[in-house]
Amino acid sequence: MRAYLADPAETKKVISKYEFAFRKQYGQNFLIDAAVPEAIVRAAGLTKDDTVLEIGPGIGTMTQYLSEAAGKVIAVEIDKALIPILQDTLAGFGNVQVIQGDILKTDLAALIAENGGGPIKVVANLPYYITTPILMKLLAGGEAISLMAVMVQEEVAKRIVSGPGSKDYGALSIGVQYYADPEIVCRAAPSCFMPQPKVASSVLRLVKRAVPKAAPHDPEHMFAVVKAAFLQRRKTLPNAIAGYAPLGLSREEAAAAMEKMGLDSRLRGETLTLEQFAALDDALQKN
Ligand code: SAM
């Protein structure tokens, strides 16, 4: 009979059998509540036609659910100590391929090409210390990924789904929403994990857009303007732009571009939509 790991007693059994020591630097908090992987599988809408990339399988807790719901699972785990454990816990799960490696250094385009070309889905209980670099690699890399269902810190999930006027709205909201439609699916209390993290978590569903939400002429430059706006979010937008040296723009140039768009130059960046940032960036570049 298969042993399912989303349970405190089963997880403890595996940990002690292998004398596994949790490594904080890898953000290791393993799931011990079956309701969470079930919710993640539902959020990803998995079918046997899907190929799934799992980031950080740990001891394989969620991998078991993914294996049963999807056609193929590719699981990339950085911690070498977990590889023999995964070979054991996933022994009866024939459609899982475990790869030892760092997801940030993994050639995703090659991995997807080797597995039918995609589009694939990404599912993960993310290591929180690298949430943003992982999300931005998956979103901005241009690879064939259709959807992501990921566990992140609750506070980060709120930032990602926020819009203008919210205190949580910022460069991360815009960076993610440019590429995807984000939605919070459910919350997971610290007691759903072993060891318990200090913060609550949320499952995010990100549906990747076929084309970005806005079409600035120079997306990289727009993201620099967004960065400037939120680095000094209490300042008016022209002052924040002038205060960010890499842009090389004066307060007057920024104010003129805003006025040309019909925007009050006393506004703060936190009130602008993504589309307005794109239009402002085009206006700034034409000045
Ligand atoms: N999926 C498991 C679960 O839900 O029980 C474990 C989740 S734990 C929050 C994060 C996992 O990501 C750990 O197994 C950790 O070793 C792994 N990890 C951390 N950094 C990684 C990286 N750069 N690339 C791949 N895996 C990583």
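Within each chain, residue numbers correspond to sequence positions counted from 1 in written order. Where totals are concerned, whole chains, interfaces and linings use all residues; where local detail is concerned, this predicted model gives features only for residues with pLDDT of at least 70, and gives and counts side-chain atom pairs only at 80 or more. Excluded from the side-chain calculation are hydrogens and water; included are all heavy atoms of the structure.

1. Topic: the overall build of the protein chain
The way it works is that DSSP assigns letters per residue, a run of H or I at least four long becomes a helix, a run of E at least two long becomes a strand, and they are numbered from the N terminus. What the protein chain contains, in helices and strands, is 12 helices and 9 strands. Dimensions of the protein chain along its principal axes, counting C-alpha atoms only, are 70 × 40 × 30 Å. When accessible area is computed with a 1.4 Å probe and restricted to protein chains, residues below 20% of their type maximum are described as buried, those above 50% as exposed, and intermediate ones as partly exposed. Across the 287 residues in the protein chain, those meeting the buried criterion constitute 51%. Pairs of residues are marked as contacts when any of their non-hydrogen atoms sit within 4.5 Å. Partitioning the intrachain contacts of the protein chain with sequence separation of at least 6 by distance along the chain shows that 67% fall at a separation of at least 24. Here the protein chain has roughly 12900 Å² of accessible surface; of this, 53% comes from carbon and sulfur atoms. Charged-residue counts in this description rest on Lys and Arg as positive and Asp and Glu as negative, His and the chain ends being excluded. Charge positions are represented by NZ for Lys, CZ for Arg, CG for Asp and CD for Glu. Charged side chains of the protein chain number 31 positive and 31 negative; the gap between the two group centres comes to 4 Å. With residues, only the protein chains shown are counted as cover, and all accessible areas are computed by Shrake-Rupley using a 1.4 Å probe.

2. Concerning the sheet that holds strand β3 (residues 72–77)
Between any two strands, pairing holds if DSSP finds at least two bridges. A sheet is described by the order of its strands in space; here 7 strands give the open sequence β4-β3-β2-β5-β6-β9-β7, paired in mixed fashion. Among the strands making up the open sheet, the edge pair consists of β4 (96–100) and β7 (180–188). Between one strand and the next, the sheet's axes are offset by a mean angle of 20°, whatever the strand orientation. Pairing of strand β2 (residues 51–55) with β3 involves 5 bridges; the strand directions are parallel. Note that in β3 the partner of Thr-51 across the bridge is Lys-72. What counts as an axis is a line fitted to C-alpha atoms, over the stretch in contact for a helix, and the angles between N-to-C directions run from 0 to 180 degrees. Of the strands in this sheet, β2, β5 (120–125), β6 (145–153), β7 and β9 (201–208) touch helix α6 (residues 131–140), which is tilted by about 175° from β6.

3. A look at helix α2 (residues 35–44)
Summarising burial for α2: 7 of the 10 residues are buried, a large majority. Directly beyond the C-terminal end of α2, a positive phi value near 55° is found at Gly-45.

4. Comments concerning the pairing of β2
When you tally the buried positions in β2, you get 5 out of 5 residues, the bulk of the element. Neither face of β2 is left uncovered, since the one carrying Thr-51, Leu-53 and Ile-55 and the one carrying Val-52 and Glu-54 both have all their residues buried. Where the polypeptide runs from β2 across helix α3 (residues 61–69) and back to β3, its parallel neighbour, the crossover connection is right-handed. Here 4 bridges tie β2 to β5, and the two strands are oriented parallel to one another. The partner of Glu-54 across the bridge, within β5, is Val-123. Note on handedness: a crossover is taken as right-handed if, strands pointing away from the viewer, the path from the first strand over the helix to the second is clockwise.

5. Observations regarding the packing of aromatic side chains
Aromatic contacts are taken between Phe, Tyr and Trp rings whose centres are within 6.5 Å, Trp giving its six-membered ring; a plane angle under 30 degrees counts as stacked, one over 60 as edge-to-face, and the others as tilted. Applying the stated criterion across every chain, the model contains 8 aromatic pairs. Summarising the aromatic geometry, the rings of Tyr-169 and Phe-230 are spaced 5.5 Å apart at their centres and angled 85° between planes, so their arrangement reads as edge-to-face. Residue Tyr-169 is located in the loop between α7 (154–161) and α8 (171–179), and its partner Phe-230 is located in helix α9 (residues 219–231); the two are separated by 61 residues in the primary sequence. Each member of the pair, Tyr-169 as well as Phe-230, is classed as buried. Measuring from centroid to centroid gives 6.1 Å for Phe-230 and Phe-277, while their planes differ by 45°, and the two rings are tilted. Pair noted here: Phe-230 is in helix α9 and Phe-277 is in helix α12 (residues 274–286), with a separation of 47 residues, a long-range link.

6. What about the domain arrangement of the protein chain?
By the assigned domains, the protein chain splits into domain 1 (8–208) and domain 2 (219–286). Put simply, the middle of domain 1 and the middle of domain 2, counted by C-alpha atoms, are 35 Å apart. At the junction of the two partners, domain 1 supplies 12 residues and domain 2 supplies 12 residues. Summed over both partners, the accessible area lost on bringing two parts together, with a 1.4 Å probe, is the buried area. In terms of surface lost to domain 2, no three residues of domain 1 exceed Tyr-169, Ile-174 and Tyr-178, which account for 58% of the buried area on that side. Salt bridges are counted wherever a side-chain nitrogen of Lys or Arg sits within 4 Å of a carboxyl oxygen of Asp or Glu. Put simply, domain 1 and domain 2 have 0 salt bridges between them. Domain limits in this description derive from either an automatic procedure or a database domain assignment.

7. Quick notes on the site of the ligand
By nearness alone, 24 residues border the ligand, and Leu-31, Gly-56, Glu-77, Asp-102 and Tyr-129 come closest of all. The contact in question runs from an oxygen atom of the ligand to an N or O atom on the backbone of Gly-58, over 3.3 Å. Protein coverage of the free-state accessible area of the ligand, which is 590 Å², stands at 99%. Looking at the shell around the ligand, the elements that each hand over two or more residues are β1 (30–31) and β3. Considering only residue class, the shell around the ligand consists of 12 nonpolar, 8 polar and 4 charged. By convention in this text, a residue qualifies as near a molecule or strand provided that one of its non-hydrogen atoms is within 4 Å of it. Whenever two N or O atoms come within 3.5 Å, that pair is a polar contact, provided that in protein one can donate a hydrogen and the other can accept it, and provided that, for residues adjacent in sequence, both atoms are side-chain atoms. Gly counts as polar in this scheme, as do all residues outside two lists: the nonpolar Ala, Val, Leu, Ile, Met, Phe, Trp, Tyr, Cys and Pro, and the charged Asp, Glu, Lys and Arg.

8. Examining α3
In an α-helix there are 3.6 residues to a turn, and that puts residues three or four apart on one side. Taking burial as the measure, the 9 residues of α3 include 8 buried ones, the bulk of the element. Residues of α3 that are buried include every one of Thr-61, Met-62, Thr-63, Gln-64, Tyr-65, Leu-66, Ser-67 and Ala-69, and no others.

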